[in-house]
Structure formats: structure tokens, C-alpha cells
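Spelled out, the chains give:
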Amino acid sequence: MDASDMGTDLEKVLLTEEQIQNRLNELAEQIETDYAGQDVLLVGVLKGAIMVMADLSRTLHRSYETDWMAVSSYGSGTKSSGVVRILKDLDRDISGRHVLIVEDIVDSGLTLSWLIANLSSRGPASVEVCTLLRKPDAMKVDLKVRYVGFDIPNEFVVGYGLDYAEQYRNLRVVGTLAEHVYSS
Ligand code: 5GP
Ligand code: MG
Ligand code: MG
């Protein structure tokens, strides 16, 4: 869905479809340069990273294996619980492989720190992260995020894979919701 299909639910658009696609193209170029000649496994974090993975991976000029993990940290609300559970693990062994985690957003960084530690314990050749969005709070934790699409203000955003109570993932843009959506 487009911003114009949102009625009064959208407060403002933070990133347009074009801005997102242009930035993903730049990140993909960097990734291809950095990993030239290397085998890389792209690990998408469900469900938020579905759009980033779809668009980023299709921009790449050679075949990359993709796998998915599902972890829970937020429930249906807007605050991080700090508790991470694996809902779906990787299908394959990652020992000796270069792993690139593909994320939608790094907010507190709690989920990602946990995920990096978890994957690192499996003996990969390397673990790096590509996230479309990063919020200021993420800077407070010691997190190495190699590829960042956009640094955004500390606001709850939806769209392009990001949900509020499982809604709005299919919005093409990234934006904030109007107050009445939360109070209804
Ligand atoms: P963190 O652990 O870094 O605080 O956030 C982990 C997860 O919380 C993200 O992968 C994402 O699913 C969710 N999250 C964090 N910030 C936002 C936000 O602004 N909007 C939405 N929809 N989800 C968020
Ligand atoms: Mg995520
Ligand atoms: Mg969510």
C-alpha cells in the first residue's frame, strides 16, 4: 500500500520508496565490494526484514544463499522487552561461513546484540550486520553495525516490513502513525 492509501492513520512519511531503494542500491554495492569472491549467507530476521531482504538481495549481482530466523523481542507493543526468544532457527549450519544479518531496524540494540552473540557462538567465519534503519539509542550499546541505511529520530515507525500490532508491514514507505491509531 502507498502513503495515500493510509487515510488518516499516517502522521508523516520519513522515507519515501525512492529514498529507500536508492540507499539499498548503495548498500548492495558496498556489500559486493567488501565480500568480493567470498561466500556469504544472508540471514534475514523475520518478520520485519522481509522487504529489506527482498529488495537488497535482488539488487545484488550474484547469487547469495538466504536463510531466516524469527526472534521475538517486542510482542505487539512498541517497547523492547529485553527478552529474546528464538521462534524459528536457521535451517543450516553456519560454521566457517561469512554471515550477513539483514535487519529492518536497530533500536535499543538488545535483539541484535543477542543475535550476534548467538550466531557467533556457532563458529562462522564472520558475522556482520546490514540494517535499513537505526535509532539513536542503538549508539549507547557497543554494537558493530557495518551497513546502516538511515539513522532516524527516536520515534516509532511503521512500513516497509515494520509493523504496529502486525499491521502496516505492506506500506511502501516508512512513516509514523497518527496518535488516534494508538488510542483506538
Ligand atoms: P531493539 O532490540 O533494537 O530495541 O529492537 C528490536 C526489534 O524491535 C526490531 O527488529 C523491530 O522489530 C522492533 N522495533 C524497534 N523499533 C521499532 C520501530 O520504531 N517500529 C517498529 N515497527 N518496530 C520497531
Ligand atoms: Mg528486526
Ligand atoms: Mg514488530
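Residues numbered from 1 in each chain as written. Chains lettered and ligands numbered in written order. Predicted model: local features only at pLDDT ≥ 70, side-chain atom pairs only at ≥ 80, totals over all residues.

With an unreviewed UniProt entry as reference, the protein chain is termed Hypoxanthine phosphoribosyltransferase, source organism Kineosporia succinea. One UniProt comment on the protein chain, placed under Subcellular location (unreviewed entry), says "Cytoplasm". Looking at the Cofactor (unreviewed entry) heading of the UniProt record, one finds this comment for the protein chain: "Mg(2+)". (UniProt positions renumbered as here; feature names shortened; annotations may be inferred.)

(A) Highlighting the sheet that holds strand β9 (residues 174-177). With antiparallel pairing, the three strands of this open sheet are ordered in space as β1-β9-β8. Of all the strands in the sheet, just β1 (10-15) and β8 (157-158) have a single pairing partner and so form its edges. Here two bridges tie β8 to β9, and the two strands are oriented antiparallel to one another. Bridge pairing in β9 places V158 opposite G175. (Pairing = 2+ DSSP bridges. Helix = DSSP H or I, 4+ residues; strand = E, 2+ residues; numbered from the N terminus.)

(B) Fine view of the packing of helix α1 (residues 17-34) against helix α2 (residues 50-59). The geometry of α1 relative to α2 is characterised by a closest axis approach of 9 Å and an angle of 55° between their N-to-C directions. For the element pair α1 / α2, the angle class is oblique. Of the two elements, α1 crosses α2, and the hand of that crossing is right-handed. Along the contact surface, α1 presents Q21, L24, N25, L27 and A28, while α2 presents D55, L56 and T59. Its residues placed into classes, the contact of α1 with α2 shows four nonpolar, three polar and one charged. (Axes fitted to C-alpha atoms, helices over the stretch in contact; angles between N-to-C directions. Parallel < 35°, antiparallel > 145°, perpendicular 65-115°, else oblique. Left-handed = near helix turned anticlockwise from the far one by under 90°. Contact = placed C-beta atoms within 7 Å. Nonpolar A, V, L, I, M, F, W, Y, C, P; charged D, E, K, R; others polar.)

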